[in-house]
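A look at the structure
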Amino acid sequence: MKGTGLTEENAVDRLREIVGESHVFTDPAATAAYLTDWMGDYSGDALAVVRPGNTREVSAVVEYCGASGIAIVPQGGRTGLSGGGVPVGASPSVVVSLARMDAIRKFDDAGRTIIAEAGVILEVLQDQAAQRNLLFPLSFGAKGSCTIGGNLATNAGGSNVLRYGNTRDLCLGIEAVMADGSIINGLSGLRKDNTGYDLKDLLIGSEGTLGIITAAVLKLFPRPSTRETAFLSMASLDGALQALNVIQDRTGNSVEAFEYITQPLVDVICNTLPGIRAPLAGNVSTAVLLELGSSRSSDAEINGTGANRLRTALLDTLEALIEAGIVEDAVIAQSERERAEFWHLRESVLEALMANGPFYFFDISLPLANVAAFVGEMDSIAAKLGFQPLIVGHLGDGNLHYALTSNDGERWQGLPLELAKQEALALLQRLDGSFSAEHGIGQEKLELMRRHKDPAQLSAMAAIKQALDPAGILNPGKVVPIDPR
Ligand code: FAD
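Note that the coordinates shown come from a computational prediction; the quantities given were computed from them, not determined experimentally.

Comments concerning the pattern of salt bridges
The final tally for this structure, using the stated rule, is 23 salt bridges. One salt bridge in this structure joins Glu377 and Arg430, with 2.6 Å as the shortest N-O distance. Placement of Glu377 in helix 14 (residues 371-385) and of Arg430 in helix 15 (residues 417-430) is noted, with a sequence separation of 53 residues between them. Here the salt bridges share partners, and the residues they tie into one network are Arg168, Asp198, Lys200 and Asp201.

This is the structure in structure tokens:
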């Protein structure tokens, strides 16, 4: 190994000494799953998969790897969609999985915070909060597999960003192991702390390239005691955004989710996955899954109409929006089961796309005022080039997941995908959008970073990377396009 006189076997032996024999995998049957991403688009090689059980072990692994010239790929639930958690390139590397670090260290009932280790599965954290009648609002389709460490490292978004912000907004502090093995302890949970640069914010969204997150203090919120979930058919996309503001104004800002989906994608989901049905019959070109939530007890009170206050406000608002021609049709979930069905449809998008056939997926964001223009122009480009667009998005955040697929599933190979990507990017630039909204850069978008990120920002990022990880051992070949070691 690079100038150390070590062999791979020595390295694996040393790693076993640090974390214990049974927590270092080298057998291909055991490592295979750790070396391929969720979509099956990226795979790589590693000397070993190492599964430390505590922060001191993470630190010792990092220190040893740094001294031995071994790169480290931090890994959580492997649900990332940009290839960030899979080794890349020729340098010897180890995958450091945080899966064993899955303890809830502390609840602070008064401060409404929780300290969770990096390997805690998102859904487990949601359940833990719910048991205390509190809410951890981050939520999306991968919640049963992704981890808090991965959520922080990617600054994950999801369906509730509109109301609660993305992962960055939900975090009060971080414990992390830096490239030299030092441990940063920022778990005090302070809501105000202006003592210099905010290292937490540097680590959040750094996709494992600046440090390994081992634990975090996260904010909890009052759990909505009343929820109303509806599936709406909107007359237009612009109208949908107009409706969002009207609904916010008339329901006391209680919109928790405002998710956009187009009919061809609803059809793909219903045709490929058993047991899912479209909430609204007919051809709904612009559908929105709306969820309102309130923890105010008065909103749960039943009034003279037999409905609670939140539902009454929703019904009145929908009536006004239908009269104004903005909403065409609507169905409101009548039970928790129906609500779960609406959400199951929304959260099955990726699975359905994968079952449907080849596709390419843009994760982009736009100023809200430009969303409709993007969709209109991109739909024309897609049609001209022979693609069928399938669109879903966190509309309230201006975040679209715009998928290109082939019309008949047969002709994908011949379609001009590179041209479609170029045209989409040019359109995105013209409309002040971003080529990565919530899935990060990983290895997938490294070239886009090189070509399209503002050079001044890129050079500041490279300087930060160089300062914090001078030997480039942390997740090389990801996020910041700098020359390989
Ligand atoms: P991994 O995939 O294991 O890793 C992701 C990146 O984080 C890698 O670069 C890795 O090196 C780094 N990393 C992981 N753990 C650590 C750590 N402890 N310290 C430092 N670096 C670390 N994302 C959204 O934002 N919004 C969505 O709505 C959404 N929906 C999804 C739906 C599905 C069905 C799927 C499969 C994915 C979806 N994703 C979504 C993407 C993905 O779930 C998120 O990026 C998630 O945060 C990744 O967490 P993970 O634990 O799986 O991380």
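Brief notes about the site of the ligand
Around the ligand, 35 residues are found, and the nearest of them are Pro74, Gly77, Thr79, Gly80 and Thr147. A distance of 2.9 Å is found between an oxygen atom of the ligand and a backbone nitrogen or oxygen belonging to Arg78. Relative to its unbound accessible area of 980 Å², the ligand is 96% covered by the protein chains. Residue composition of the shell around the ligand, by class: 13 nonpolar, 19 polar and 3 charged.

Re helix 13 (residues 349-356)
Because each turn of an α-helix spans 3.6 residues, side chains separated by three or four positions end up pointing in the same direction. Taken together, the buried positions of helix 13 are occupied by Val349, Leu350, Ala352 and Leu353. Down the axis, helix 13 shows its buried residues gathered within 160 degrees of arc, on one side only. The inward-facing, buried residues of helix 13 abut strand 13 (255-261), helix 9 (263-272), helix 12 (336-347), strand 16 (359-365), strand 17 (387-394) and strand 18 (399-406). Trailing helix 13 by a residue or two, Gly357 shows a phi angle of about 140 degrees, which is positive.

Here's the deal with the side chain of Thr214
Looking at the element boundaries, Thr214 is found in strand 10 (residues 211-219). At a separation of 2.7 Å, a polar atom in the side chain of Thr214 contacts the side chain of Glu175. Setting aside anything within four residues of it in sequence, one finds Thr214 in contact with Thr55, Val58, Leu98, Met101, Arg105, Glu117, Ala118, Glu175, Ala176 and Val177.

Side note on the nonpolar core
Phe258, Leu290, Phe374, Phe387, Leu395 and Leu400 are the most contacted members of the largest nonpolar core, which has 56 residues in total. Once residues lying within four places of it in the same chain are set aside, the contact partners of Leu290 are Glu228, Thr229, Ala230, Leu232, Ile247, Val255, Ala257, Phe258 and Leu314. Grouped together as the second largest cluster of nonpolar side chains are 31 residues, Val120, Leu134, Leu152 and Ala156 included.

Quick look at the sheet that holds strand 4 (residues 93-97)
Read across the sheet, 4 strands follow the order 1-2-4-3 without closing on themselves; strand pairing throughout is mixed. The open sheet has two edge strands with one neighbour each: strand 1 (24-25) and strand 3 (71-75). Examined bridge by bridge, strand 1 and strand 2 (residues 48-50) share 2 bridges and lie antiparallel to one another. Within strand 2, the residue paired with Phe25 across the bridge is Val49.

Remarks on the packing of helix 1 (residues 8-19) against helix 3 (residues 55-68)
Look at helix 1 against helix 3: their axes get within 9 Å of each other, and the N-to-C directions meet at 160 degrees. With respect to helix 3, the element helix 1 is oriented roughly antiparallel. Helix 3 is crossed by helix 1, and the crossing has right-handed handedness. In contact with Asn10, Ala11, Arg14, Leu15, Ile18 and Val19 of helix 1, helix 3 contributes Glu57, Ala60, Val61, Tyr64 and Cys65.

A look at the pairing of strand 5 (residues 104-108)
Where strand 5 and strand 6 (residues 113-117) come together, 4 bridges link them in antiparallel fashion. Of the residues in strand 6, the one forming a bridge with Asp108 is Thr113. Between strand 5 and the antiparallel strand that follows it, strand 6, lie 4 residues; Arg112 among them carries a positive phi value of about 50 degrees.

Things to note about the packing of aromatic side chains
Under the defined criterion, the tally for this structure stands at 7 aromatic pairs. Summarising the aromatic geometry, the rings of Phe25 and Tyr34 are spaced 5.9 Å apart at their centres and angled 65 degrees between planes, so their arrangement reads as edge-to-face. Judged by its relative accessible area of 22%, Phe25 falls in the partly exposed class. Over the ring of Phe107 we find Arg132; its NZ or CZ atom is 3.7 Å from the centre of that ring.

Some points on the sheet that holds strand 9 (residues 183-185)
Read from one edge to the other, the open sheet built from 5 strands follows the order 5-6-10-8-9, with strand pairing classed as antiparallel. Strands with a single pairing partner mark the edges of an open sheet, and in this sheet they are strand 5 and strand 9. Strand-to-strand twist across the sheet, computed as the mean angle between neighbouring axes with direction ignored, equals 15 degrees. Two elements, strand 8 (residues 171-178) and strand 9, share 3 bridges in a ladder whose sense is antiparallel.

Quick look at the pairing of strand 8
With 8 of its 8 residues buried, strand 8 lies for the most part within the structure. Between strand 8 and the antiparallel strand that follows it, strand 9, lie 4 residues; Gly181 among them carries a positive phi value of about 90 degrees.

Describing the environment of Gly149
Within the element layout of this structure, Gly149 appears in helix 5 (residues 148-154). As a C-alpha pair, Gly149 and Ser295 span 146 residues in sequence and 28 Å in three-dimensional space. Once you skip the residues sitting within four places of it in the chain, Gly149 turns out to touch Ala118 and Ile213.

Brief notes about a nonpolar patch on the surface
Where nonpolar side chains cluster on the molecular surface, the patch consists of Tyr197, Leu199, Leu202 and Ile464 and spans about 410 Å² of accessible area. Looking at the secondary structure, you find Ile464 in helix 17 (residues 455-468). For Ile464, a relative accessible area of 32% puts it in the partly exposed group.

Cut-offs used in this document
Residues numbered from 1 in each chain as written. Predicted model: local features only at pLDDT ≥ 70, side-chain atom pairs only at ≥ 80, totals over all residues. Heavy atoms only, no water. Salt bridge = Lys/Arg side-chain N within 4 Å of Asp/Glu carboxyl O. Helix = DSSP H or I, 4+ residues; strand = E, 2+ residues; numbered from the N terminus. Near = heavy atom within 4 Å. Polar contact = N/O pair within 3.5 Å; in protein donor to acceptor, adjacent residues only side chain to side chain. Areas by Shrake-Rupley, 256 points an atom, 1.4 Å probe, with all protein chains shown as cover. Nonpolar A, V, L, I, M, F, W, Y, C, P; charged D, E, K, R; others polar. Buried < 20%, exposed > 50% of the residue type's maximum accessible area, 1.4 Å probe, protein only. Arc of directions from axis to C-beta. Contact = heavy atoms within 4.5 Å. Core = buried A, V, L, I, M, F, W, Y, C linked by side-chain atoms within 4.5 Å. Pairing = 2+ DSSP bridges. Axes fitted to C-alpha atoms, helices over the stretch in contact; angles between N-to-C directions. Parallel < 35°, antiparallel > 145°, perpendicular 65-115°, else oblique. Left-handed = near helix turned anticlockwise from the far one by under 90°. Phe/Tyr/Trp six-rings, centres within 6.5 Å; stacked < 30°, edge-to-face > 60°. Lys NZ or Arg CZ within 6 Å of the ring centre and 35° of its normal. Patch = residues over 30% accessible without salt bridge, like charges linked within 9 Å, V, L, I, M, F, W, Y side chains within 5 Å.

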